[in-house]
Structures are given as structure tokens and as C-alpha cells.
Amino acid sequence: MKRTSHSLIMDQDLLDELMEQTHLLNHYKEMIDKNTIVSMTDESGFITYISEAFEKVSGYSKREVIGRTHALFRHPDTPKSFYTDMWHTLKTVQVWDGEVKNKRKDGEAYWLRLHIEYNKDSKGNFRGYSATGHDISNKIHLEIMTKELEYRVATEVEKNRLQTTQMLEQSRLAQMGEMIRMIAHQWRQPLASIAAISSTLTLDVIMDSYKKEFFEERLEAIGDLAQHLSLTIDDFRGFFKETKKKGAATWEMLTEGSLKIIEPTLQTHSITVERIYESDKLLHTYTNEIRQVILNIFKNAEDVFSEKKIKNATIWVRSYQKGSTACLSIEDNGGGIPKELLSKVFDPYFSTKEKKDGTGLGLYMSKTIIEEHCKGKLTAHNTERGALFEIVLPI
Ligand SMILES: Nc1ncnc2c1ncn2[C@@H]1O[C@H](COP(=O)(O)OP(=O)(O)OP(=O)(O)O)[C@@H](O)[C@H]1O
Ligand SMILES: [Mg+2]
């Protein structure tokens, strides 16, 4: 009697405990159903269950999907072979982990990170598959947006680079036009001499007063002049060779290289160039491009002299060292740059000259060359007599 009542009490306890556990289990199931993306299929891959969380993310109700296969959720971007591979993996290793792009009932795409496993019953028999997962659409959207942004930034940067290249090219062409003017100028005098000599010789022939020695002397002079003409062409050619190569040169070598081209023109306009070279440091830099910058600054001085009809027009060139830099200053007595324009002279297309006389790219191009290619500094300020341009380069 005692035993029976004891075992009855035990059974009651067991029952209570069982009810308690069932209640807890239901609670867990409810929690999982609400918050976790879960689906189950039978042995043939037909859906037997989806959680409420899966209903929410897919837009389908349980009723609409039970009995269907996962092909229902396939996004057109996800190839059919993706599922064939997935099933193959499941059949062989019994688990599958990965990311999948699905299509909601309303057509929108969403991404899931999934873990799929083989289900076994208590006797170890295969009973279909269950999958759990979470929605990673936000992460993927963020990745797509980042990629798009990166692409947009890259295309903008490329556009910008192209634009700068085009501007430099435009400025180079303008400078070449200028060069041709200077060549013409430098050729005029020797050509006139050749013409004069040849007409003397022609006259001698006509007058029949041909003297061998005199003839030879004149012919030699013509030869020398022709040689000079050819050298001038070489100078100009060397100047405009498109070498993006670095070289080594002192400020003196660079400045004299530019003056070789422009000084004859400056001299005919009675412009004096005074130079003091205090720094003889070798600069390892884009020498050809720097010579173009110096030429630009000289040309601007020449322009201001002729525009303002300056008397005793002079350009002072000075090279000097400042700490770990070597500098070149080019100053003129052309009256300077109006204060309100000082901040604009390096802007692209800024010019106070008539369209035919200036593109407004000279100083913009010069600043790009010095600061971006050569890692230096190009600045302008006014002095008592005119404008002063300073080029600072690292040694
Ligand atoms: N030495 C100077 N004295 C006074 N003003 C100057 C001097 N150098 C430049 N400027 C001013 O700066 C402007 C811009 O010069 P920049 O060399 O960039 O263009 P530009 O000479 O007008 O045309 P280009 O492209 O043919 O050189 C000039 O139009 C001029 O107003
Ligand atoms: Mg200019």
C-alpha cells in the first residue's frame, strides 16, 4: 500500500515535470518560430515547415509553401546549378553552409546565410533536411553600395585626370605656337644674312668679277649660318620632346636652357635679364618640364612689359638655397599683379589678356608641374617693382 501510493506520487511528479518541460519546449519553439529563419523538408526536398520569421522575410505564408520545393524562392540571378551543387553536398557530407540570393513573393531580392543539415529520427534513419539562417540583405546592400561608390569615385578620378591631361595638352599646343613665333624670329636675321651674301655673290658673277678666295669665304659664312639655323631647330626640338623622364640639373642649367630659346626675343624688345646663381645644387627632377615653367614665367614678364610699355624692362633671376630646398626667383619690373587677382592667377583659364594672346593655362600648368609632378612649391607675390615668382624644389 505504502509502495503503491509512493509510486503514484512519483508518477504525478513525473507528469508535472513532463508538462513543465513540454511548456518550456513550446515556448522555445515559439521563440525560434518568431525570430529565426527555419525551414524543413522531407526526404525528397518538399517543404514541410517554415518559421514565422521565414514567412516574414520571404513574403510567403506557411500555407503557400508547404508541399513546394525551394525552387519557389530562387532568384533569377542564382543559377539552377547552385541548387544542384547544394543537394550534391548535402547528399555526400550531410551539411551545407553558404549564402544564397532569393526572391521575395513581391519580386524583391534578399540574401540569407544558411546552415542546412541532414535530419535523423531516433533510430538514425534519414528524415529530410532542416535549414536555419539569418537575413544578411543589409550587409550585402552595404557591400553593393560600397562597390558602386568605389566605382563612381574611380570614374570621377579618371575623368579628372583626363581633363587635366587635356588642359596640359592644350597649354602645350599654345606654347608650341609661341615657340614657332620665336623660331621665326631667330631665323629671320641669319636668313637675311644668307640672302644678302648670296646676292653679293650673284652680283659678282654678273659683273664677271669672280674672285676665288672671296667666294670661298662667303660660301663658308653661308655654311656657318645654315649650321646655326639647324642648331636653333635642335634646341626647340629638344625643348618639346615629350620626355617624362627625370634628369639632373642645377638651377643655372635649367634657366640658361630656357633663356637660350627666349633671350633673343627678349633682346629685340630691349629686355635685360640679370642672373645671380647662388645655389649649385643638382636637382633630380623633370628637367624638361621645369624649363617649360621658367619659359612660361619669362613669357608672362615679356607680355606685361609690352602691354604697359615699360622702360628699362628687366628680369632678375636668382637661385638660392633655403633649408633642404633649392629655390629660383624670377622678378620683373612690370608693376606687379593687381592685388585682387593674386589669388586667381594660378586658376585654369584665368587670363587678363585677349583671347588670341592668352589661354590662361600657363601658370596653372606651371603649378601642376611644380607641385604635383615635382613635389615642390610655386608662389607669386608683388614686390616694389613688379611680380616675383618663386619656385621651391626639394634637393
Ligand atoms: N609677371 C606678371 N606680371 C603681372 N601679371 C601677371 C604676370 N604673370 C602673370 N600675370 C597675370 O596672370 C594671368 C595668368 O597668367 P597665365 O600665364 O596663367 O595665363 P596667360 O599668360 O594669360 O595665358 P597663357 O596661357 O598664354 O600663358 C595673366 O593673364 C596676367 O594677368
Ligand atoms: Mg602666360
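Position numbers for residues count from 1 along each chain, tracking the sequence in the order it is written. A letter from A marks each chain and a number from 1 marks each ligand, given out in the order of writing. Since the coordinates come from a predicted model, pLDDT governs what is reported: local features require at least 70, and pairs of side-chain atoms require 80 or more to be given and counted, while whole-chain, interface and lining totals use all residues.

Asks: Got a minute to help me understand the overall build of the protein chain in this structure?
Replies: To qualify as a helix, a DSSP run of H or I must reach at least 4 residues; to qualify as a strand, a run of E must reach at least 2; elements of each kind are numbered from the N terminus. Helices and strands together make up the secondary structure of the protein chain, namely nine helices and twelve strands. The globule rule used here is 2.2 Å times the number of residues to the 0.38 power, and the radius of gyration it is set against is calculated over C-alpha atoms. Here the protein chain has a C-alpha radius of gyration of 43 Å; the compact-globule value for 395 residues is 21 Å, and the former is much larger. Counting only C-alpha atoms and orienting by the principal axes, one finds that the protein chain spans roughly 160 × 55 × 40 Å. Each of the 395 residues in the protein chain was classed as buried or not, and the buried ones make up 21%. Any residue with 12 or fewer other C-beta atoms within 10 Å of its own C-beta is exposed, any with 20 or more is buried, and the rest are partly exposed; the C-beta atoms used are placed from the backbone.

Asks: Please clarify how the site of ligand 1 should be interpreted in this entry.
Replies: To decide nearness, the C-beta atom of each residue is placed from the backbone, and the residue is near a molecule or strand if that atom lies within 6 Å of it. Surveying the vicinity of ligand 1 reveals 23 residues, the closest of which are Asn300, Ser351, Gly358, Gly362 and Leu363. For the shell around ligand 1, the class distribution of residues is ten nonpolar, ten polar and three charged. Side-chain classes follow a simple rule in which Ala, Val, Leu, Ile, Met, Phe, Trp, Tyr, Cys and Pro form the nonpolar group, Asp, Glu, Lys and Arg form the charged group, and the remainder, Gly included, forms the polar group.

Asks: Looking at this structure, I do not really get the pairing of strand E4 (residues 109-120). What am I missing?
Replies: Two faces, one strand: in a regular strand the side chains alternate between the faces of the sheet. Sheet topology places strand E3 (residues 95-103) next to E4; nine bridges connect them, and they run antiparallel. The residue of E4 that forms the bridge with Lys101 is Trp111. Between the antiparallel neighbours E3 and E4 lie five residues, among them Gly107 with a positive phi of about 100°. Between any two strands, pairing holds if DSSP finds at least two bridges. For E4 and strand E5 (residues 126-135), the ladder comprises eight bridges, and the chain directions are antiparallel. The residue of E5 that forms the bridge with Leu114 is Gly133.

Asks: Hey, could you run me through the domain arrangement of the protein chain in this one?
Replies: One frequent convention defines the size of an interface as the accessible area lost when the parts assemble. Where a domain begins and ends is set by an automatic assignment or by a domain database. Domain boundaries assigned for the protein chain yield domain 1 (36-135) and domain 2 (244-395). Inter-centroid distance (C-alpha atoms) of domain 1 to domain 2 is 73 Å.

Asks: Can you walk me through the packing of helix H8 (residues 287-308) against helix H9 (residues 362-373) in this structure?
Replies: Between the N-to-C directions of two axes lies an angle of 0 to 180 degrees, each axis being a line fitted to C-alpha atoms and, for a helix, fitted only over the stretch in contact. The contact between H8 and H9 brings their axes to 9 Å, and the two run at 145°. As H8 packs across H9, the resulting crossing turns out to be left-handed. On H9, the residues touching Glu289, Val293, Asn296, Lys299 and Asn300 of H8 are Gly362, Leu363, Ser366, Ile369, Ile370 and His373. Looking at the contact of H8 with H9, its residues break down into four nonpolar, five polar and two charged. Here is the rule for handedness: rotate from the far helix to the near one, and if that takes an anticlockwise turn smaller than a right angle the crossing is left-handed, while a clockwise turn gives right-handed. Two residues qualify as a contact pair if the distance between their C-beta atoms, derived from the backbone, is within 7 Å.

Asks: Before we go on, may I ask you to explain the sheet that holds strand E2 (residues 47-50) in this structure?
Replies: Strands belonging to one sheet form pairs held by backbone hydrogen bonds; the direction of such a pair is parallel or antiparallel. The sheet built from five strands is open, its strands ordered E2-E1-E5-E4-E3 with antiparallel pairing. Edge strands, defined here as strands with exactly one partner in the open sheet, are E2 and E3. If you compare each strand with its neighbour and ignore which way they point, the axes differ by 25° on average. The sheet strands contacting helix H4 (residues 80-93) are E3, E4 and E5, and the helix crosses E3 at an angle near 160°.

Asks: Would you take a moment to explain the packing of helix H7 (residues 251-268) against H8 for this structure?
Replies: The angle between the axes and the distance between the axes are what describe a pair of packed helices. Where H7 contacts H8, the axes come no closer than 8 Å and their chain directions differ by 35°. Of the two elements, H7 crosses H8, and the hand of that crossing is right-handed. Where H7 approaches H8, its residues Leu254, Thr255, Gly257, Ser258, Ile261, Ile262 and Leu266 are matched on the opposing element by Thr287, Ile290, Arg291, Ile294, Leu295, Phe298, Lys299 and Glu302. Here the contact of H7 with H8 is built from residues that sort into eight nonpolar, four polar and three charged.

Asks: Is there a simple way to think about the environment of Asp303 in this case?
Replies: Assignment of secondary structure puts Asp303 in helix H8. Using a count of 17 C-beta atoms within 10 Å as the deciding quantity, one classes Asp303 as partly exposed. In this structure, the C-alpha to C-alpha distance between Asp303 and Gly358, residues 55 residues apart in sequence, is 9.7 Å.

Asks: Would you explain the nonpolar core in this entry?
Replies: As a rule of thumb, soluble globular proteins bury nonpolar side chains together. We define a nonpolar core as a collection of buried residues of the types Ala, Val, Leu, Ile, Met, Phe, Trp, Tyr and Cys that are connected via C-beta atoms lying within 7 Å of each other. Ranked by internal contacts, the top residues of the largest apolar core, which has 36 residues, are Val293, Ile294, Ile297, Phe298 and Ile391. Secondary-structure elements contributing two or more residues to this core are H7, H8, strand E9 (314-322), strand E10 (325-332), H9 and strand E12 (387-394). At nine residues, the largest contribution of residues to this core is made by H8. Among residues more than four places away in sequence, those in contact with Ile297 are Ile330 and Phe389. Residues Ile50, Val57, Tyr110 and Leu112 belong to the second largest nonpolar core, which totals ten residues.

Asks: Explain unusual backbone geometry to me, please; I cannot follow it from the model alone.
Replies: Negative phi values dominate among residues other than glycine, just as trans dominates among peptide bonds. Its identity as a non-glycine residue notwithstanding, Gln94 has a phi of 75°, on the positive side. In this model, Tyr349 sits at a positive phi of 65°, which is unusual for a non-glycine residue. Relative to the assigned elements, Tyr349 resides in the loop between E10 and H9. Tyr349 gets classed as exposed once you count the C-beta atoms within 10 Å, which come to 11.

Asks: Can you walk me through the sheet that holds E10 in this structure?
Replies: Ordered in space as E7-E9-E10-E12-E11, the five strands form an open sheet in which the pairing is mixed. Unpaired on one side and paired on the other, strand E7 (272-277) and strand E11 (377-382) mark the two borders of the sheet. Averaged over all pairs of adjacent strands, the angle between their axes in this sheet comes to 15°, without regard to strand direction. Two strands pair when backbone bridges link them, and E10 and E12 are joined in this way by seven bridges, in the antiparallel orientation. For Ser329, the partnering residue across the bridge sits in E12 and is Glu390.

Asks: Help me understand H8 in this model?
Replies: The end-to-end C-alpha separation of H8 is 32 Å, in line with the 32 Å expected for 22 residues at 1.5 Å each. One or two steps after H8, the chain reaches Lys309, where phi turns positive at roughly 50°. A helix is expected to span 1.5 Å multiplied by its residue count minus one.

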